[in-house]
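As a plain string of letters, each chain reads:
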Amino acid sequence: MLQHRAGRDGVVSARAGVPAPVPHIDAGRVDAGRGAEYELQEALRRAARSPQGRMVLQLHLSRLNSPGPRPHHRRVARAILDDTAQRHEGQVFTLANGDMVLLCREATPGRMPAARPVPGMSLPDPAALPDTMARLLRIDLSDPACVTTVWRLEEAVPEVTAFVPIGPNGNGAAAALPLASPAPGLAVQPGMVDAIAAIAEGSAIADLLHRQTSVLVAAPNRNGASPNAPLRPLYREVTFSIDALEARIAATGQATADPFLFRHLAGRLDRRMLAVLADAAGTGTVLDIAAGGRGAPPLHINLTLPGILSDTFARFAMLCRSFGAPVGVEVALVEACSDPAAFGRARRVLAESGLALVLDGVSHLALMLTRPCALRADLVKLDWSPRLAELAAEERLQVAAALERIGPHHVILHRAETETALRWGLAQGIRRFQGRYVDAMLAAGRTMACPRAAGCTLRQCIERAAATGPAGRTGCGAISLLDGQPSLPLELGAGSTL
């Protein structure tokens with residue numbers, strides 16, 4: 001799994017006994033403090049004077065599948081690389097595109113490490129890092145072997161130095177970090193989380209919410225697809241847009257960077273969401289929970305266990321019963337497992353209120369290692385991963401057995417953002433889907449029926465359907481189509497991959 005670039009793979013090795021040439025760096029191009037790329041080139045220039053026994057490893061976080069790299073990818077990877085650097089006289093650099101580069105000494109038998117190992121703990125070996133990173137990131141990579149590139153510095157000084165991108169200002173020329181991820185090494189500030197919660201509690205809520213529709217597809221034919229199968233809206237999930245909340249105070253990545261602070265934030269968002277839905281009940285607006293009792297797709301919301309067990313939710317549940325609103329409540333699998341007793345109480349509360357329980361955030365690995373069906377949820381949301389289409393035979397059998405235990409009619413394939421995801425799901429007997437590809441198909445169906453479709457793009461139609469307030473729907477000439485529930489044909493192969 002180690003990807004070397006040496007010899008015939010494109011790296012020109014130094015001749016035996018001849019020191020590798022020190023690469024020339026134009027001092028006029030860069031100044032001190034001008035970015036990690038400059039600092040890395042300076043470090044490589046110094047290391048090239050005595051390259052024997054040194055190695056360079058590049059961790060390609062920029063290659064992770066969307067929406068990666070996630071905050072925990074950066075934190076864990078940085079911790080592992082920093083620990084290795086400390087013990088092997090090294091240094092870690094984070095490039096502008098999110099990749100990380102480790103420059104350190106190779107593990108040489110008989111040489112004592114720079115840091116004394118902790119008793120009972122194994123000393124991290126730089127040579128083992130490619131395999132470690134591949135196993136760590138295998139879920140989010142189509143080819144885990146490509147996550148790292150390793151050079152022995154004495155064999156590849158010119159090539160290693162040449163790969164560092166330097167822009168006209170001395171900074172990295174690579175693309176900037178994704179907005180959804182915090183800057184590497186960014187310290188999470190509790191005050192920022194409080195500020196984000198304050199925005200949700202005091203701002204116009206419609207501008208901070210996001211809506212996404214799940215659909216039910218007719219049973220597939222023998223080929224695993226039904227070219228003209230009805231595509232019917234199943235429910236509409238309403239969530240806070242974390243990106244929108246963070247953007248209000250320029251705190252990109254702060255909300256989700258720390259899982260414990262995010263749990264605290266989610267609890268505060270619960271109260272705001274329940275209050276908003278209670279105020280909108282019976283108003284006929286997008287957030288009207290009563291619309292589900294009149295034949296429209298019901299609303300689904302995400303809540304924490306403390307939120308479900310709160311007095312605020314008890315009042316909300318009474319309101320749902322009075323309107324006959326079939327609201328669904330989604331709970332993350334990790335939260336259900338962290339407090340089984342509270343989850344059991346929450347499940348009873350939902351059952352007594354006549355509200356559906358949805359188990360959210362179930363990966364295919366969790367599907368193989370646990371039994372989500374034991375939690376007795378009404379629906380289970382399986383997160384799509386491209387690796388599902390590439391599983392080995394034994395793993396495919398494990399996933400199929402897990403789906404059989406749950407029952408495919410109880411499974412929603414979440415994050416279905418490609419046609420491949422829908423085809424895989426249909427082949428497994430799954431008929432419920434949610435994701436950006438579904439959003440695109442629904443938007444395509446609306447444009448076919450809309451008399452003013454010529455003035456809009458598909459992207460605009462998707463974004464307006466996701467909005468919950470008038471501002472986000474500005475420009476739509478057929479608002480009724482955004483909230484209707486047409487029975488659309490599913491034509492696999494006709495849409496684009498988003």
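It should be noted that the structure appears before, not after, this text.
Described below are features of the structure shown in this document. (Residues numbered from 1 in each chain as written. Predicted model: local features only at pLDDT ≥ 70, side-chain atom pairs only at ≥ 80, totals over all residues. Heavy atoms only, no water.)

Details of the nonpolar core
The biggest cluster of nonpolar side chains holds 74 residues, and the ones touching the most others in it are Phe313 and Phe433. Here this core gets 7 residues from one element, more than from any other, and that element is helix α8 (residues 259-280). Not counting the four nearest positions on each side in its chain, phenylalanine 433 is found in contact with Thr213, Ser214, Val215, Val217, Ile412, Leu413, Ala416, Ala421, Leu422, Gly425, Leu426 and Val438. One finds Leu57, Val92, Cys104 and Val147 within the second-largest nonpolar core, a separate group that totals 18 residues. (Core = buried A, V, L, I, M, F, W, Y, C linked by side-chain atoms within 4.5 Å. Buried < 20%, exposed > 50% of the residue type's maximum accessible area, 1.4 Å probe, protein only. Helix = DSSP H or I, 4+ residues; strand = E, 2+ residues; numbered from the N terminus. Contact = heavy atoms within 4.5 Å.)

Structural notes on empty space enclosed by the protein
Summed over all chains, the structure comprises 1 cavity of 30 Å³ or more. The calculated volume of the largest cavity comes to roughly 110 Å³. Surrounding the largest cavity, Arg446, Thr447, Cys450, Ala453, Cys456, Cys461, Arg464, Cys476, Gly477, Ala478, Leu481 and Leu482 form its lining. At the level of elements, α16 (436-449), α17 (458-466) and α18 (479-483) are the ones that each hand at least two residues to the lining of the largest cavity. Counted by class, the lining of the largest cavity contains 8 nonpolar, 2 polar and 2 charged residues. (1 Å grid on protein atoms, 1.4 Å probe; cavity = no way out; pocket = protein on both sides within 12 Å on 5 of 7 lines; lining within 4 Å. Points joined across faces, edges and corners; volume = space filled by probe spheres on them. Nonpolar A, V, L, I, M, F, W, Y, C, P; charged D, E, K, R; others polar.)

Some details on the packing of aromatic side chains
A full pass over the atoms with the stated rule returns 2 aromatic pairs. On the numbers, 6.0 Å between centres and 45° between planes, the contact of phenylalanine 313 with phenylalanine 316 is tilted. Of the two residues, phenylalanine 313 and phenylalanine 316 both sit in helix α10 (residues 311-323), 3 residues apart, roughly one turn of that helix. One exposure class covers both phenylalanine 313 and phenylalanine 316, and it is buried. (Phe/Tyr/Trp six-rings, centres within 6.5 Å; stacked < 30°, edge-to-face > 60°.)

Here we look at unusual backbone geometry
Positive phi is not limited to glycine here, since glutamate 89 has a value of about 50°. Looking at where glutamate 89 falls in the secondary structure, it is placed in the loop between α2 (71-87) and β2 (91-94).

Re the side chain of glutamate 330
When you line up the elements, glutamate 330 lands in strand β8 (residues 328-332). Here glutamate 330 falls in the buried class, since its relative accessible area comes to 1%. Of the polar contacts made by the side chain of glutamate 330, one reaches the side chain of lysine 381; its length is 3.0 Å. Those residues within four positions of glutamate 330 in sequence are excluded, and the remaining contacts are Tyr235, Glu237, His300, Ile301, Asn302, Leu303, Val358, Asp360 and Lys381. (Polar contact = N/O pair within 3.5 Å; in protein donor to acceptor, adjacent residues only side chain to side chain.)

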